[in-house]
Structure formats: C-alpha cells, structure tokens
Amino acid sequence: MTCQKFCVVLLHWEFIYVITAFNLSYPITPWRFKLSCMPPNSTYDYFLLPAGLSKNTSNLNGHYETAVEFNSSDTHFSNLSKTTFHCCFRSEQDRNCSLCADNIEGKTFVSTVNSLVFQQIGANWNIQCWLKGDLKLFICYVESLFMNPFKNYNHKVHLLYALPEVLEDSPLVPQKGSFQMVRCNCSVHECCECLVPVPTAKLNDTLLMCLKITSGGVIFQSPLMSVQPINMVKPDPPLGLRMEITVDGNLKISWSSPPLVPFPLQYEVKYSENSTTVIREADKIVSATSLLVDSILPGSSYEVQVRGKRLDGPGIWSDWSTPHVFTTQDVIYFPPKILTSVGSNVSFHCIYKNENKIVSSKKIVWWMNLAEKIPQSQYDVVSDHVSKVTFFNLNETKPRGKFTYDAVYCCNEHECHHRYAELYVIDVNINISCETDGYLTKMTCRWSTNTIQSLAGSTLQLRYRRSSLYCSDIPSIHPISKPKDCYLQRDGFYECVFQPIFLLSGYTMWIRINHPLGSLDSPPTCVLPDSVVKPLPPSSVKAEITKNIGLLKISWEKPVFPENNLQFQIRYGLSGKEVQWKMYDVYDAKSKSVSLPVPDFCAVYAVQVRCKRLDGLGYWSNWSNPAYTVVMDVKVPMRGPEFWRIINGDTMKKEKNVTLLWKPLMKNDSLCSVQRYVINHHTSCNGTWSEDVGNHTKFTFLWTEQAHTVTVLAINSIGASVANFNLTFSWPMSKVNVVQSLSAYPLNSSCVILSWILSPSDYKLMYFIIEWKNLNEDGEIKWLRISSSVKKYYIHDHFIPIEKYQFSLYPIFMEGVGKPKIINSFTQDYTEKHQNDAGLYVIVPVIISSSILLLGTLLISHQRMKKLFWEDVPNPKNCSWAQGLNFQKKMPGTKELLGGGWLNQEMLEDYVLPCCHTCSP
C-alpha cells in the first residue's frame, strides 16, 4: 500500500513535468471521443484487436462504439511488470489515435504510466463533455469499456482542472499548484459523472483538464485536455410544447426557448401523423420557435418532440422534449375562437367529417347559436373540403346567461355537430381623459371599463407613445409604444400618472385589451399636456358689502400657473346649509375684483371663485375656499321704528304719563343694526329736546303741554334714520270723533274681521291704529298700524271664543290722535247667526248618516230573503213534473220570480211545496 501511494505521487509529478515541458493539450470536441491506453511497440489496430479478444459494443448518449473485451488467459500477461502504457485520445471522426513517434519533438499527446500490478494489458473509455444549460456546471461522462473479467474492479475517477486567467500570454500551462481536483461520481462501474463548476465570467476562458483513472490497482492518466465552456453548451430541452390550428387551417407547432441560453438556437422537430387515411413521419430543422404543418385532416393524431442546439458555432444537441400529442376533432374550425371589436369583419373556416368521410364544402351551411341561419351570400368555397363564412360590421355580443360569446355552427346540410366556434365581439370605445395639475409637473389620466364587456382572462393596459412636438391631426397606433401602470380607484376608474411631462409633446394613448385569443386596441387619442391644464384655484378671495353703496365686492388673486390668460367664474349666495348659488362670469383676464348687487345688505354671503383658460382649453379649477361677508352697517337706517303709546293718569288732569312702545327695527330697515334709539320731543312752549334711551323699546314721559310731538329715531354706526314716524298728543284733537261705528266678527279661533264706518271730517287722516286685548287677562295691549284707506281688516291672533275682547280703533291725524271707537265684544247679530248655522251643521250630517244606514239595512234584508227562498227550490232536472217548465215566466198574480217580486202564500204552497215533496234534490 505504501508503495502504491509513493507511485501515485511520483506519477502525478511526472505528469505535471511532461505537460509543463511540452505545453500541449487535446481540444475537446462537442461529440464523443475515446481515451485509449496501450503497451509500447503496439499498433493501434493491435491494441484494439489482440489475439484472443473479441468485438463488443457499448452505448453512450445514444451512439455506438467499438469496445475491447479482455480474456484472463491471454498470453500478454507475462511481462506486465515492466510495461509502460501509452494513453491517447481519438474522436469518432478520426479513427487514428493521437499517439505520435518519439522523433517528433514532443508534439504528441502522450502520458506515461508505470504499471505496478499485472492485471491488464490495455484500456478504453468513452468520454463526452458539455456545459449544462444553466451555464454553471461543466459535465464530463466517462464510460468504461471493460467487460469481463475486469468489470468487477473498483473504478475511481478524478478530474484535475484549471482556469488560467490569460492562456495566450503565458509560455507554459499552469503549474501543479494551479490545478484543482474533483472526484467523479461513479454510480455504476461502467459510467462516472464529473462536475466542474464554472463561473459565469469564465465561460469564454480556456478550461484545462486531465483524467486520473484507477482501475484494478492500475492508475491511468490522460493527456491534457482544453476547452472553452461556451462552445460546449448543451441547452435544456425546449419548454411549453403546444399545437393549435391556425386561421389558415394549418397545424402550428410552437414552443419556448430554454432560459439562460446566451445565444440563438436551432431546433430539430420530429413529428408523426396518424389518421384513417394517411400515416406520415417528418424530421425538420428550423431556427424559429414554431413550425407549420399543412394539410391537416379531421380525426387525426399528431405526436411531436423538439430539441435544440446552438445556431451559429459549436454546441451540443439538447435532450428531446417530452412527447406531446394533439388530436383533431371530426369538425375543425379555424380559428376555433375569434375575439374582435365592434364594426369589424371576421371569417371562420370549417372542415366537416361525417362517418370517416369529409363533407364537400358546397354542402356545408352555417348557423348562429343554432337559432339563426346565416345567409348563403356570406359563404365562400375555399377548396373542396374547406368552407368559409364572413361576418360584416359586427355588433357587440350580448351575454346570454353565463355565455359571453355567439356560437357559430358548421353543419352538413340539415345535420349539425355539437362542436362550434366562438365569436367574441366587444365594444372597445374607451374614453381616456387626462388632466395636468396646476403646477404643470404631472398629468393624470383616467379611464373606466364600465362601457366594455368583461371577458374572463383578459387584462387591460394603457399604452402610449410621445411625439416630439404637438399632436397629429389623426391619431394612430404606433407599433413602438410603452405601457403605463394604472391603478383601480374606489370610483371604478383606472388612474395613471405621467411625471415628468413635456407640455408641448403629444401623448398618443390607447387601451390594449390582452386576452389569450388575442389583443384589441381602443381608438387612440392624443393629449397635449398644455391643453388639459386644471389651474390652481384663485387665492386671497375676499368678500364684503361696500358702505353707502351696498354692493357685494369680491376680490381675488390669479394663480401663478398657467401663464395663459384666464377667465373667472364667481358663485355667491346666502350662507346656510344649502346655499342657493348664483353665478357670474368674468372674461377680463386682468380683472381682480367685481362688485355685484345683492337684495339683502345685512345678510352673510358665501363667495367662491374658480378659473379656466380664456381660450376654452383645459378644465375649470376647483372652487376656492369660501369667503364670507361680515354683517356691518352699510347705510343709516332707512326709517325709524313704528311706535304707539299707553296713557296713564287721571283724565281730569292735564298731566299724564305717556309710555311709548315700539318694535325693534329689522335689519332691512336698520342697515344693518341699531346701536340705540333717540326720542325727539317738540312742544309749543319748551321747544325741542332729545333723550337717548339706548336699546330699550319702551319709554315713559310726562305729557303736560296742550300739544306734544314725539319722534323715535334709530341710530347705527353710520348715523340716524332719515325717515321717521311722528306722533302728536293734543288735547283738542283727542275729542275729534270720526269713527261712526266699529264691528268685530270672529271667523275662527285665529282670525277676527274688524270693519268700521267713518264720518266726514275736515282733518287730514294719516293712518289708523288698531288696538285689542283680552279683558279676562292682564296681558299686554296689542296694536297694529294700518293705512287710512282701509275699511276692513283681518286680525290674526289666538282668540278664545268664551273670552271677552276689547277692540279699539284710533284715527291718527297730522294734528294729533283722534277719539277712538271702542267695543268690548263681538258683534251680536253675527254671533246669533253663526250659532243658528252651527245647529244646522250638526243636524244635516246626522240626517245623511241615518239615510245611508237605512238604505244598507234594506239591501241586506232583500238579499237574505232571496237566499232563503231559492234554497228550497229544487233542481228542475230532478223533478218529473217540472220537466220543460219555464220558471222565468210570470206566475199568475205575481211579479217576475227572478226579479225579486213578492209571492203570496197561496202561490207559494201551489208551486213550491209540491216540488219539495215529489222531487229528489
């Protein structure tokens, strides 16, 4: 054992010395080659076929080679202890061994091995190497050609390899320390697998290798081998093998290239066809990933396999793909399914086989959904067995339950097969709207799918192409386009954002509907970002009611972008939960404010402003934040408050306390608030003076003069009211009586009519004051000011009929207050009249109700009598004496029987009782 280890080390050193000295290597070929080791002074033919040896075959990777079988009784075993073996390579194309004469200055692929164990006189191995399809492992398969009796010896195979950086610049191959060793996996005695990891960056470098094989105690070492891994790629088998019938009626065989292959491939396709009429096989090499097979027939079976190899340059064929089988039906539609858009024209082809016989195309008819026969004008005869139908200007397919397509049937005259073709027609008119933001930095496009029919398995994608400048007059779909990611929003719209944008570039965009049956494009639209700008809303919006004029003044600031001239739109209205907006347009691009008339100066108005390009392009901006007016005094009050008085004191005395009463002034009259009230007094003796009563609505003063005139003024922040009411208290005028009569008529509990008659007078009447109060209560006096032309007035208040009320009518003259007319109850004749009418209102409904009740009782009684009478009358068909008797005739002395007339007792006994006793029911 120690001796053997020493010899292995010695041999390893000797091998390194030889390859360093000669710097020679064997270029590995893409096909299989042999490693042969033989004694000296033996020719190649002698080594292959020595005395006592026989030929045999061994299979590696599908190819057959000659192998040598050794017999243990061979005479060549005698002097092996002194034998030196020569090892060399040979390929399938070159039958000569790579062993050269000694006088050829070292240009031989030779390595020497000292045999220590006399067991064999020569050895052969089949070797094939390739780079795996994932481009990570370089694999060598080593197959021993030993048969018997040496197959039972243990085989140990090691592979030494090195990847030098730059082989051309180095005069010698790498030294001993540069080689790495991997042990090969020998799962069986005859075959071993050696795996060498190759970095991706080293695929184009030269890989140096040699084999060290231990078999039966003898060590064999191969000459040096060299290879570029990229030239030895064995791709993975093609993927996704599939077959389908094309629109032209051919069988299309297609597949996908294996991944990670760094170069194009060529493919070998072998297929077989088996039908009732023909059997054929074919083998073709193509560079594309598909192959068309023509002349397909219904009811045929096709089996296909594909393998691949490098198209240009050396390489190794991949393994065959898994066989794929495709069977055509008895009725072939091509295409079997069509997806198209509204308004397009499409065609279906059909081959019909019936009872192993192909039907003539002239006998084929077409149906839609088995309910509508397609006119023959839409048929075309393509060949003896191929019929064609064309649909023109198609309408959108209407879903029928779970079916979202129309079924197109190809039939043999009056017989239809259950198979059919599917026609999907959808409306692809999708509206795409885009909007550029006010900062001119991005464009947002939106589109909805609610207008199109949803197909299972379909996806929608927005595609676009940007032109250098502006949009073309007629947008078209360009073959080179880019997809854009769009995301579904809560409102059902898809939204996608373009950022950054080119304002003057035309973006032509459309929606592509991708489906396994094909793809459809919506009509393209071109968008210029500069033309779809939605500006920012105007800023610094303010609203106020101008003083002394009373106009609603609105001001704003134009947004910075865009720089185009803008138009503005204003909406305003009374502030509240639901604002009733009024609109106003401003077309002056330079305008920054506007004044508008409003009906109410003292109300709070809400105002908003928005803008848009003056040329009409783009969108309206959002409304600005609302601005609100502040209620302020606009003008002096329009008038002072209406007021009345209460006079207290002894009527015999001339000094009386007068209390003035007035109602708070409304905003429309005060414009817009009242800060205080001022009482102006004027007497004939003491002159004029004023008293400030603040915000009070009641004021008492002492009336001592014969005539005393008072005026109540309303004061706001701007000034005092201009138009005011005057009231003069005059002793002489208080005795002037012009009201001849006064009447009060209650209509209901909420309204009383007050009417009066006046006497002629020389004084100018200004107006009336109506005063009323409940005499049973100590409530306040209520009063109204009415025009002097009125002779009747409706007082609306809450009146209780059983209470007593006092009504007073005061005539107001310019000279003072006249004598009032006072009544303490409602007018008597009116009250009695209404009391009598009330009795009538009660009696009449009672009489009507009683009449209705009596009439109902008579009708019910009448019906019950008829029922009792006819229950005792038998069926004339069961009564012998009544056969043929007409009961509808009048009986003597009676009215019509069926008319509900009265029967006397004698008639009843003569006609009814015999029937009751002699007939069965």
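Calculation rules
Residues numbered from 1 in each chain as written. Predicted model: local features only at pLDDT ≥ 70, side-chain atom pairs only at ≥ 80, totals over all residues. Heavy atoms only, no water. UniProt positions renumbered as here; feature names shortened; annotations may be inferred. Helix = DSSP H or I, 4+ residues; strand = E, 2+ residues; numbered from the N terminus. Buried < 20%, exposed > 50% of the residue type's maximum accessible area, 1.4 Å probe, protein only. Areas by Shrake-Rupley, 256 points an atom, 1.4 Å probe, with all protein chains shown as cover. Pairing = 2+ DSSP bridges. Axes fitted to C-alpha atoms, helices over the stretch in contact; angles between N-to-C directions. Core = buried A, V, L, I, M, F, W, Y, C linked by side-chain atoms within 4.5 Å. Contact = heavy atoms within 4.5 Å. Lys, Arg positive; Asp, Glu negative; His and termini not counted. Salt bridge = Lys/Arg side-chain N within 4 Å of Asp/Glu carboxyl O. Patch = residues over 30% accessible without salt bridge, like charges linked within 9 Å, V, L, I, M, F, W, Y side chains within 5 Å. Disulfide = S-S within 2.5 Å.

- The name given to the protein chain in an unreviewed UniProt entry is Leptin receptor, with the source organism recorded as Colobus angolensis palliatus.
- Within the UniProt record for the protein chain, the comment given under Sequence similarities (unreviewed entry) is "Belongs to the type I cytokine receptor family. Type 2 subfamily."

1. What about the overall build of the protein chain?
- Helix and strand content of the protein chain: five helices and 62 strands.
- With 921 residues in all, the protein chain has 42% of them scored as buried.
- Only carbon and sulfur atoms are counted for the fraction: they give 52% of the accessible area of the protein chain, which is about 50,700 Å².

2. Observations concerning the sheet that holds strand S34 (residues 443–448)
- Read from one edge to the other, the open sheet built from four strands follows the order S33-S34-S38-S37, with strand pairing classed as antiparallel. Pairing within the sheet leaves two strands with one partner each, and these edge strands are strand S33 (432–436) and strand S37 (487–488).
- In this structure, S34 lies alongside strand S38 (residues 493–498), joined through six bridges in antiparallel fashion. Note on S38: the bridge partner recorded for Cys445 is Cys496.

3. Details of the pairing of strand S32 (residues 421–426)
- Where burial is concerned, most of S32 is hidden: six out of the six residues are buried.
- Burial along S32 is two-sided: the face carrying Ala421, Leu423 and Val425 and the face carrying Glu422, Tyr424 and Ile426 are both buried.
- As defined by bridge partners, strand S23 (residues 337–341) adjoins S32 across five bridges and the pair is classed as parallel. Note that in S32 the partner of Ser341 across the bridge is Ile426.
- Alignment of strand S30 (residues 406–412) against S32, held across three bridges, turns out to be antiparallel. Of the residues in S32, the one forming a bridge with Asp406 is Leu423.

4. Structural notes on the sheet that holds strand S50 (residues 656–662)
- Spatially, the three strands line up as an open sheet ordered S49-S50-S53, and their pairing is antiparallel. Here the strands that pair on one side only, and so sit at the sheet edges, are strand S49 (643–648) and strand S53 (698–703). If you compare each strand with its neighbour and ignore which way they point, the axes differ by 25° on average.
- Inspection of the sheet shows S49 paired to S50 by six bridges, in the antiparallel sense.

5. Quick word on the nonpolar core
- Ranked by size, the top nonpolar core spans 63 residues in total, and within it Phe138, Met209 and Trp255 carry the most contacts.
- Considering every element that reaches this core, the biggest residue donor is strand S7 (residues 123–131), with six residues.
- Not counting chain neighbours up to four residues away, the residues in contact with Phe138 comprise Cys129, Trp130, Leu131, Cys194, Leu195, Val196, Val198, Leu207, Met209, Val227, Pro229 and Met232.

6. Looking at the side chain of Lys612
- Inspection of the secondary structure assignment puts Lys612 in strand S47 (residues 605–613).
- Asp615 is the oppositely charged side chain nearest to the buried, salt-bridge-free Lys612, at an N-O distance of 7.9 Å.
- Not counting residues within four places of it along the chain, the set of residues in contact with Lys612 comprises Pro535, Asn565, Leu566, Gln567, Leu617, Gly618, Tyr619 and Trp620.

7. Comments concerning a nonpolar patch on the surface
- A cluster of nonpolar side chains, contributed by Leu469, Tyr470 and Leu504, occupies part of the molecular surface with about 290 Å² of accessible area.
- Relative to the elements of secondary structure, Tyr470 occurs in the loop between strand S35 (459–466) and strand S36 (482–484).

8. Brief notes about the pattern of salt bridges
- Taken as a whole, this structure holds 14 salt bridges when the rule is applied.
- The shortest N-O distance in the salt bridge between Arg307 and Glu268 comes to 2.8 Å. Taken together, the residues span a long stretch of sequence, with Arg307 in strand S20 (residues 301–310) and Glu268 in strand S17 (residues 265–274) at a distance of 39 residues.
- Lys782 is the salt-bridge partner of Asp797, the closest N and O atoms lying 2.9 Å from each other. Here the residue Asp797 occupies a position in the loop between strand S60 (792–796) and strand S61 (805–813), and Lys782 occupies one in strand S59 (residues 782–787), the gap between them amounting to 15 residues.
- When salt bridges with common partners are traced through the structure, they connect Arg446, Asp491 and Glu495 into a single cluster.

9. Quick look at the state of the cysteines
- Going through the model one piece at a time under the given rule, you end up with eight disulfides.
- Across the disulfide, Cys602 is cross-linked to Cys672 (sulfur-sulfur distance 2.0 Å). Across the S-S bond of Cys602 and Cys672 the torsion is about -85°, and the bridge reads as left-handed. One end of the pair, Cys602, is in the loop between strand S46 (593–597) and S47; the other, Cys672, is in the loop between helix H3 (667–670) and strand S51 (676–683), and 70 residues separate them in sequence.

10. Re unusual backbone geometry
- Of the consecutive residues Phe334 and Pro335, the connecting peptide bond is found in the cis state with omega at -5°.
- Looking at the element boundaries, Pro335 is found in the loop between strand S22 (331–334) and S23.
- Cis rather than trans, the peptide bond between Gln499 and Pro500 has omega equal to 0°.
- Examined against the element boundaries, Pro500 turns out to sit in the loop between S38 and strand S39 (507–515).
- Positive phi outside glycine occurs at Asn393, with the angle close to 45°.
- By secondary structure assignment, the location of Asn393 is in the loop between strand S29 (387–391) and S30.
- One non-glycine residue, Leu440, lies in positive phi territory at about 60°.
- Inspection of the secondary structure puts Leu440 in the loop between S33 and S34.

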